[in-house]
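Breakdown of the fold
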Amino acid sequence: MESKKIQPTFPSISKDLLSQFIGKKVIDLIRYSWWEKGQVPAECHIKKEQSFSFTAGPLAVIFEDGSILGIASDPRINSVIVWLDHLTSQTDTTQMLSEDPELFPIHADDNSYSEKSWKKFYQRTLSGFSILKSENMSAGETALPSELGLCLYFDNNDNFIASHGLHIGSDDFSALIDCQINSTIRPYLKELPLLK
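All of these numbers come straight from a predicted model, not from anything done at the bench. Once a new chain begins, its residue numbering starts again from 1 and follows that chain's sequence as written. Per-residue local features of the predicted model are confined to residues with pLDDT of at least 70, and side-chain atom pairs are confined, for both listing and counting, to 80 or more; whole-chain, interface and lining totals are unaffected and use all residues. Processing note: side-chain calculations cover all non-hydrogen atoms of the structure and skip hydrogens and water entirely.

Two strands qualify as a pair provided DSSP detects at least 2 bridges between them. Elements are defined by DSSP. Helices are runs of H or I of four residues or more, strands are runs of E of two residues or more, and each kind is numbered from the N terminus. In space, the 5 strands of this open sheet follow the order β9-β8-β7-β6-β10, with antiparallel pairing throughout. Because the sheet does not close on itself, it has two edges, and the strands there are β9 (173–176) and β10 (189–195). When the angles between neighbouring strand axes are averaged without regard to direction, this sheet yields 20°. All axes here are fitted lines through C-alpha atoms, helices being fitted over the stretch that makes contact, and every angle between N-to-C directions spans 0 to 180 degrees.

So, in structure tokens, the structure goes:
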């Protein structure tokens, strides 16, 4: 029987999807960049080691059992979005991120194109999720899901944020640690528990 691919949507209505990853160990974090990693610093006007965090393209969180959580953002709904990129029992033929010839992988443990702080998430067990919403939005943004950040928490009390525009206030998707959130945006953010 062919399994149904879960379509990308915002986190708060994806609890069933996200809950299946809690208690699993992360073995890899990969940004699937629009450019080869050597081109990212020039294309994005960033330091080489910031390429994993700030390149354009989705994030894959890969777990020890082979399941993969895909995360990106969708400006049309002003929100981070999530989907099931692969599950060990999945049999459908929908193209996975790793099979897209137009995307180039940048691993979080890359010694040149990622900051060292990302390595601490390897071999850690995912313990929960929360979302970030802003209290400073236009009426149009308030009418949308506007889930600007998905926080992934781990058993060592560390977390990182899959972000829609929290770094420079744009609609860019990025993978952040807390200190990289824009200081003018930070005071307006509220964190809402999702799954713990």
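That was the structure; now back to the text.
Working definition: two side chains of opposite charge can pair if their charged atoms are close together. Any Lys or Arg side-chain nitrogen located within 4 Å of an Asp or Glu carboxyl oxygen qualifies as a salt bridge. Here the structure, examined in full by the defined rule, presents 6 salt bridges. With a shortest N-O distance of 3.6 Å, Lys 120 and Asp 158 are connected by a salt bridge. Here Lys 120 is found in the loop between β5 (104–107) and β6 (126–134), whereas its partner Asp 158 is found in the loop between β7 (149–154) and β8 (159–164), with 38 residues between them in sequence. Residue Lys 120 is classed as partly exposed on the basis of its relative accessible area of 36%. Using a relative accessible area of 23% as the deciding quantity, one classes Asp 158 as partly exposed. Only protein chains enter the accessibility calculation, which uses a 1.4 Å probe; a residue is then buried when its area is under 20% of its type maximum, exposed when over 50%, and partly exposed in between.

Here the focus is unusual backbone geometry. Within the chain, Asn 78 stands out as a residue other than glycine whose phi angle is a positive 50°. Relative to the assigned elements, Asn 78 resides in the loop between β3 (68–74) and β4 (79–86). For Asn 78, a relative accessible area of 11% corresponds to the buried category. In this structure, Ser 146 takes a positive phi of about 45° despite not being glycine. Here Ser 146 shows up in the loop between α4 (139–142) and β7. With relative accessibility at 0%, the residue Ser 146 sits in the buried group.

On to the confidence of the model for the protein, then. Within the protein, residue pLDDT values average 87, and 89% of them lie at 70 or more. pLDDT runs from 0 to 100 and stands for how confident the predictor is about each residue. Within the protein, the lowest mean pLDDT, 87, falls on α4, and the highest, 96, falls on β7. Note on contacts: a residue pair qualifies if any of its non-hydrogen atoms lie within 4.5 Å across the two residues. Here residues 1–5 is modelled with pLDDT under 50, and outside its nearest four sequence neighbours on either side it reaches 13 contacts, counting other chains as well.

Pairing of aromatic rings covers Phe, Tyr and Trp, the last through its six-membered ring, and needs centres within 6.5 Å; plane angles under 30 degrees mean stacked, over 60 mean edge-to-face, and all others mean tilted. Scanning the model with the defined rule gives 8 aromatic pairs in all. Between Phe 121 and Phe 160, the ring centres sit 5.1 Å apart and the planes meet at 75°, which makes this aromatic pair edge-to-face. Here Phe 160 lies in strand β8 and Phe 121 lies in the loop between β5 and β6, a separation of 39 residues in the sequence. Exposure class is identical for Phe 121 and Phe 160. Each is buried. Criterion for a charge above a ring: Lys NZ or Arg CZ within 6 Å of the ring centre, and within 35 degrees of the ring normal. The residue whose ring lies beneath Lys 48 is Tyr 113, and the NZ or CZ to ring-centre distance is 5.5 Å.

Our focus in this paragraph is the side chain of Ser 146. N or O atoms closer than or at 3.5 Å make up a polar contact, with two conditions inside protein: a donor-capable atom paired with an acceptor-capable one, and, for residues adjacent in sequence, both atoms drawn from side chains. Among the polar contacts made by the side chain of Ser 146, one reaches the main-chain carbonyl oxygen of Glu 141 at a distance of 2.5 Å. Sequence-distant contacts of Ser 146, defined by excluding residues within four places in its chain, comprise Ile 77, Asn 78, Ser 79, Leu 132, Lys 133, Met 137 and Glu 141.

On a regular strand, each side chain points to the face opposite its neighbour's, so the side chains alternate between the two faces of the sheet. Within β6, 8 of the 9 residues are buried, which leaves it mostly tucked inside the rest of the structure. For β6 and β7, the ladder comprises 6 bridges, and the chain directions are antiparallel. For Phe 129, the partnering residue across the bridge sits in β7 and is Leu 152. The pairing of β6 with β10 spans 6 bridges and is classified as antiparallel. In the strand pairing of β10, Ser 134 is matched with Leu 189.

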